[in-house]
Every structure is written in structure tokens, then in C-alpha cells.
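Structural description and commentary
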Amino acid sequence: MHVPYCRTRCGYCDFNTYTAAELGPGVSQASFAGDLVTEIDLVGEQWHPEAPVDTVFFGGGTPTMLPASDLVGVLDRIDEVFGLASDVEVTTEANPESVDYDYLAELRSGGFTRLSLGMQSASTAVLAALDRAHTPGRVQRVVAEARAAGFQRVSVDLIYGTPGESDDDWRDSLNAAVEAGVDHVSAYALTVEDGTAMAAAVRRGKLPVPDPDIAAARYEVADEILTGAGFEWYEISNWARPGQQCRHNLGYWDVDAQWWGFGPGAHGHVGDLRLVNVKHPKLYAEELAADRLPLAEYEVVSAEERRLERIMLSVRLRRGVSPWSDSARQVLEQLVAEGLMTRVGERFVLSRTGRLLADTATLRLAEADA
Ligand SMILES: C[S@@+](CC[C@H](N)C(=O)[O-])C[C@H]1O[C@@H](n2cnc3c(N)ncnc32)[C@H](O)[C@@H]1O
Ligand code: SF4
């Protein structure tokens, strides 16, 4: 469920999201949950998953810009139309300043099971460089409020490699996340995305280009601190306490998993089809008002694309890969000899160094029996 609204735009972010000023006339955030419900109804008339839905993820943008009752209403409709599994995992992303105890309690009693907070950093200077609205201590308070509201599963997103971030800032951020008591951490290297305010500042020389060697060193520190605190990596950028992996994330890295993406610009994967919705909330609302699915495009995934995706996605996971041919086995053994992979039983898994060079491993495996 993609909710394309944010109070302010962070300078590094190129996600499909709109502030009130960016949105333009003729469309309103207040009617957005109603649009999602209409889309769910329309999809339900044409497609039904083979089994009840076992994960739902509200992302954005900032889903928690909507009233909690809107999010719960959308979840209820998914249950009515598609059916939710009894152990369904329901996550929402949230900006730390956008939620409080009452809001979280309403989500929890409405069926949400997991919260993913955009912490990014524990440093005031780094948060300012990223244009974040919250102050460092806010995340710890929200984690405590989430626990009090009954959320057993809380994750934070962190960003490393922001210009001006020191080694100590990054260590402090990781330690603050661990001390806040979360069970899952996603840590992303800052990417300077074309078209963002940050890209313009880099182009004008006001900000340095992030240094990949610094990013690599920060990644190693993240793995060291999180592993030391009892977390395990399960995907290159994701660490969890045992049993707390995000089932929804794992679905995205399983080439055979199926999901429907609702909301403006959302992507889906159903059978052999990849589906993409129209991007702008106004066009999205207009399509639904005309009783049409708001699809922008779809494509049939070819067998070759599927082969490459299977390699790329499985390499990223701690589950690793098992050799599917003699030539793949040879490449995997060579990657072990070079220190990029380790062997775990019959499977081959990226080493810490290998995780910094996962694209190399993927390319070499893709060429193995091309
Ligand atoms: C699109 S945001 C949505 C969640 C929520 N609005 C927030 O910011 O907390 C999801 C995550 O993507 C990550 N992200 C977004 N843009 C990024 C960039 N340019 N480089 C690295 N990470 C980025 C941030 O860690 C963010 O928490
Ligand atoms: S990072 Fe999150 S809050 Fe910032 S603009 Fe992107 S979606 Fe919105």
C-alpha cells in the first residue's frame, strides 16, 4: 500500500511522494484511503490470490500522515476482499514525529503487528543534513510507546555515509538503535538520486560526493555492532534478532512470490506479470473514479529475466544459493577461494567482504551458464 504523502520533502529522497505544495489542485489527501478501498474492490473483482494474504506493508511517503482509522479501514477491506492469514504480518512505515501512543494503540488494536521507523541517524547534525524533522531522542520514545501499545515488532531504518557524518556519529546511531530495543534494523548507504535537492547541492559543489570507501567501512561497522548485539544479517541491508526477519521483505527477494501493489506508482508481481500503477495521485484518483484499474503498464517477465532475477535476489540473502549447474558450482567455488563467499553445507553465502561486492558475484554467476 503506497501512501504518497509527506509533510516535508527530505533532500535525498526521490520516492513517489508529494508535500501539500507539490501536490497541485484537484486532488486531496483526505480522500486517499477511499481511493485505496476502491482499488482493492476493483482488483478483487478480477484477481484473487491462491492463499490468504500473509503480509501487508504500508509504505510511502509517510503512511502515518493519514488518520490511524484510515489505515485500519484499508486493512479491514483487504481482509473482506482477499482474506488475511491468521498469522498475517502487517507493517507500517512511520516517521518518528508523526505518531504517538494513541495513534499506535489504534493501529495495534486494528490488526497492525509491526512498525518500521525512519530513524536515519542519532546525530543532530546528520539529521539536519538529511532535512529530517525529528530530534535524536524521539525514536527511543516512539519505540517505548510502540511497545506500550502492544507492538512486539519494531524496526528502524538508518542511513550511513551522509556528508559530515563521522565514524563516531555512525557508531552512536547503531548503538542508539540497539539501545532503543528494536528487533530489526535496515541500514542503507546514502544514495545521491538524480533530481533531488541533494543531487543539485552535490552538482554545485556545496556537498561532497559520498565516498564509497567510507560507505564500505561504515557497512562493516554496522555488521560488527549489530552482530555483537545479537542481530543477524538476513539480506545485505537488513539485520534482525532471531525470528524477527520481515516476512514482507523476504517476499520481495523471492522471485516466485506474488504481491499486488496498491496506490500511486506501486509495483506488483503476479504470475509472470510485472504491474506498475500510474504515478501521480491525481491521475490515480481519476482512473479509479472512472472505474478503471489505475495501471500505467505491465510486462511479461521473460524466462531469461527470471533467471537473472533469481540469481540477483538469492545472492543477496543469507540463505544463499545452491549450485544449479556444474559451471555455477565452479564460479561459486572460485568466489569462495577469493573470500567473497563461504560455504554453509550445500549452500554458498556471501562473506562480509562479499556483501560489499555482491554485484560482482551476481554478474559472474549470471555469466556462468549464459
Ligand atoms: C522512502 S522512506 C519511507 C519511510 C518514511 N517516510 C521515512 O522517511 O521514515 C524509506 C526509507 O528509505 C531510505 N531512503 C530513502 N531515500 C534514500 C536515499 N537516497 N539513500 C539511502 N536511503 C534512502 C530511508 O532510510 C527511509 O527510511
Ligand atoms: S525519506 Fe520518508 S519522509 Fe523523507 S521525503 Fe522520503 S518518504 Fe518522505
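Computed from a prediction, not measured in an experiment: that's the story for all the values here.

1. Quick notes on the overall build of the protein
Counting secondary structure elements, the protein contains 15 helices and 13 strands. With the principal axes as the frame, the protein shows a C-alpha extent of 60 × 45 × 45 Å. Residues counted as buried form 34% of the 370 residues belonging to the protein. Summarising the internal contacts of the protein: among those between residues at least 6 apart in sequence, 70% fall at separations of at least 24.

2. Quick look at the site of ligand 2
Neighbouring ligand 2 are the residues C6, R9, C10, C13, F15, T17, G60, G61, T62, N95 and G118. When its residues are assigned to classes, the shell around ligand 2 shows 4 nonpolar, 6 polar and 1 charged.

3. A few points about the site of ligand 1
Around ligand 1 sit 16 residues, and of these E93, G118, D157, Y188 and T191 come closest. Among the elements of the structure, strand 2 (53-60), strand 4 (114-120) and strand 5 (153-160) are those that each provide at least two residues to the shell around ligand 1. A class-by-class count of the residues in the shell around ligand 1 yields 6 nonpolar, 7 polar and 3 charged.

4. Comments concerning the pairing of strand 5
Side-chain direction in a regular strand flips from residue to residue, so the side chains alternate between the two faces of the sheet. Among the 8 residues that make up strand 5, 7 are buried, leaving the element largely enclosed by the rest of the structure. Inspection of the sheet shows strand 4 paired to strand 5 by 6 bridges, in the parallel sense. Of the residues in strand 5, the one forming a bridge with L117 is V156. For the crossover that starts at strand 5, traverses helix 7 (residues 167-180) and ends in the parallel strand 6 (residues 184-189), the hand is right-handed.

5. Focus: the nonpolar core
The biggest cluster of nonpolar side chains holds 61 residues, and the ones touching the most others in it are M1, V74, L117, V156, L158, A177 and V185. With 12 residues, the next largest nonpolar core counts V315, L340, F348 and L350 among its residues.

6. Let's talk about the environment of A133
On the secondary structure map, A133 appears in the loop between helix 5 (124-129) and helix 6 (138-148). Accessibility expressed as a C-beta count within 10 Å gives 14 for A133, which makes it partly exposed. As for A133 and V221, which are separated by 88 residues in sequence, their C-alpha atoms are 26 Å apart. If we skip the residues at most four places from it in the chain, A133 touches R7, T8, N95 and E97.

7. Regarding the domain arrangement of the protein
As assigned here, the protein comprises domain 1 (2-252) and domain 2 (304-368). For domain 1 and domain 2, the distance between their C-alpha centroids amounts to 29 Å. Contact residues are listed per partner, giving 8 residues for domain 1 and 7 residues for domain 2. Elements with a contribution of two residues or more to the side of domain 1 that touches domain 2: helix 9 (212-228) and strand 7 (232-235). The biggest single contributor to the side of domain 1 that touches domain 2 is helix 9, with 4 residues. Counted by class, the side of domain 1 that touches domain 2 contains 5 nonpolar, no polar and 3 charged residues.

8. Side note on the sheet that holds strand 2
The 8 strands are arranged 1-2-3-4-5-6-8-7 in an open sheet whose pairing can be described as mixed. Since the sheet does not close on itself, it has two edges, and those belong to strand 1 (2-3) and strand 7, each with one partner. The pairing of strand 2 with strand 3 (residues 84-94) spans 5 bridges and is parallel. Note that in strand 3 the partner of F58 across the bridge is T92.

9. Digging into the packing of helix 13 (residues 326-337) against helix 15 (residues 358-368)
Two elements in contact, helix 13 and helix 15, have axes separated by 8 Å at closest approach and are oriented at 155 degrees. Here helix 13 lies roughly antiparallel to helix 15, going by the angle between them. Crossing of helix 13 over helix 15 shows right-handed handedness. The residues of helix 15 that touch helix 13, namely those facing S327, A328, V331 and L335, are A361, R364, L365 and A368. Split by residue class, the contact of helix 13 with helix 15 holds 6 nonpolar, 1 polar and 1 charged.

10. Considerations on the pairing of strand 13 (residues 347-350)
What you see with strand 13 is a clean split: F348 and L350 sit on the buried side and R347 and V349 on the side with no burial. Examined bridge by bridge, strand 12 (residues 341-344) and strand 13 share 4 bridges and lie antiparallel to one another. Looking across to strand 13, one finds that M341 is bridged to L350. Remark: 2 residues form the turn of the hairpin made by strand 12 and strand 13, two consecutive strands paired antiparallel; G345 in that turn has positive phi of roughly 60 degrees.

11. Re the environment of E297
For E297, the location among the structural elements is in strand 11 (residues 295-300). For E297, a count of 9 C-beta atoms within 10 Å corresponds to the exposed category. Put simply, E297 and V278 are 19 residues apart on the chain and 8.0 Å apart in space, counted from C-alpha to C-alpha.

12. Side note on the sheet that holds strand 11
Across the sheet, 3 strands lie side by side as 9-10-11; this open sheet has antiparallel pairing. One side of each edge strand has no neighbouring strand; the edge strands of this open sheet are strand 9 (267-270) and strand 11. On average, each strand axis in the sheet is inclined to that of its neighbour by 20 degrees, with strand direction left out of account. In this structure, strand 10 (residues 273-277) lies alongside strand 11, joined through 5 bridges in antiparallel fashion. Within strand 11, the residue paired with V276 across the bridge is E297.

Rules used in this analysis
Residues numbered from 1 in each chain as written. Chains lettered and ligands numbered in written order. Predicted model: local features only at pLDDT ≥ 70, side-chain atom pairs only at ≥ 80, totals over all residues. Helix = DSSP H or I, 4+ residues; strand = E, 2+ residues; numbered from the N terminus. Buried ≥ 20, exposed ≤ 12 C-beta atoms within 10 Å, placed from the backbone. Contact = placed C-beta atoms within 7 Å. Near = placed C-beta within 6 Å. Nonpolar A, V, L, I, M, F, W, Y, C, P; charged D, E, K, R; others polar. Pairing = 2+ DSSP bridges. Right-handed = clockwise from strand over helix to strand, strands pointing away. Core = buried A, V, L, I, M, F, W, Y, C linked by C-beta atoms within 7 Å. Domains from an automatic or database assignment. Axes fitted to C-alpha atoms, helices over the stretch in contact; angles between N-to-C directions. Parallel < 35°, antiparallel > 145°, perpendicular 65-115°, else oblique. Left-handed = near helix turned anticlockwise from the far one by under 90°.

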